[in-house]
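# Descriptive analysis of the structure
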Amino acid sequence: MKEYDAVVIGSGPAGITASMYLARSGCSVLMPVLMREQRAACSQILQTEAMENYPGFPKGIKGYELADLFDAHLAGLAVDRPAASVESVTGSAGHFSVRAGGVDYAAKTVIVC
């Protein structure tokens, strides 16, 4: 069973941000991505025509453009992103077991975003 410092559940803006900061600080990170989200992070954003209130984009940005930027930002970082749904989380602080896509992973920390 592969062990990670952190498993991040959720691939929206909060999950991506958590994964980025963890990876940059040297942590091993697993962020399972739901099957329907394989093509881009934040699949909900893909259905949004325009984001008019997102920080950093005062003129707005199309949902798919923002999703592509999120995905590109993660691409250069050591974040494992298997195409899998999280099925269960068991254990306690420092000793978690996360089952995703029929595979068990060990984690010191689990972050739900």
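Think of each chain on its own: its residues are numbered from 1, step by step along the sequence as written. Per-residue local features are limited, in this predicted model, to residues with pLDDT of at least 70; the limit for side-chain atom pairs, both in listing and counting, is 80 or more; totals at the level of whole chains, interfaces and linings are taken over all residues. Hydrogens and water molecules were not included; the side-chain quantities draw on all heavy atoms of the structure.

### Considerations on the pairing of strand S1 (residues 3-9)
For clarity, the threshold we go by: The buried label applies to any residue whose accessible area, calculated with a 1.4 Å probe on protein chains only, is under 20% of its type's maximum; exposed applies above 50%, and partly exposed to all values in between. Here a strand is any run of E in DSSP of at least two residues, a helix any run of H or I of at least four, and the numbering for each starts at the N terminus. Two strands are counted as paired when DSSP detects at least two bridges linking them. When the strands point away from the viewer and the path from the first strand over the helix to the second turns clockwise, the crossover is right-handed.
With five of seven residues buried, S1 lies mostly within the body of the structure. Relative to strand S6 (residues 103-112), S1 runs parallel, the two sharing six bridges. Among the inter-strand pairings, Tyr-4 is bridged to a residue of S6, identified as Ala-107. Alignment of S1 against strand S2 (residues 29-30), held across two bridges, turns out to be parallel. If you follow Val-7 over to S2, its bridge partner there is Leu-30. For the segment spanning S1, helix H1 (residues 13-24) and S2, crossover handedness is right-handed.

### Things to note about the packing of aromatic side chains
Aromatic ring pairs: the centre-centre distance and the angle between the two ring planes describe each pair. Quick reminder of the rule: Between the rings of Phe, Tyr and Trp (Trp by its six-membered ring), a pair exists once the centres lie within 6.5 Å; its type follows the angle of the planes, with under 30 degrees stacked, over 60 edge-to-face, and the other angles tilted.
This model, assessed by the stated rule, comprises three aromatic pairs. Ring geometry for Tyr-54 and Phe-70: centres 6.1 Å apart, planes at 65°, overall edge-to-face. A residue pair is termed long-range when its members are at least 10 positions apart, and Tyr-54 in the loop between helix H2 (43-46) and helix H3 (63-75) and Phe-70 in helix H3 qualify at 16 residues. What makes Phe-70 buried here is its relative accessible area of 13%. An aromatic cluster of three or more residues is present, and its members are Tyr-54, Phe-57 and Phe-70.

### Considering the pattern of salt bridges
Applied cut-off: A pair is scored as a salt bridge if a Lys or Arg side-chain nitrogen falls within 4 Å of a carboxyl oxygen belonging to Asp or Glu.
For the structure on display, the rule yields six salt bridges. One salt bridge in this structure joins Lys-108 and Asp-5, with 3.3 Å as the shortest N-O distance. Of this pair, Lys-108 sits in strand S6 while Asp-5 is found in strand S1, placing the two residues 103 residues apart along the sequence. A relative accessible area of 41% places Lys-108 in the partly exposed class. Across the pair Arg-99 and Glu-87 runs a salt bridge whose closest N-O atoms are separated by 3.4 Å.

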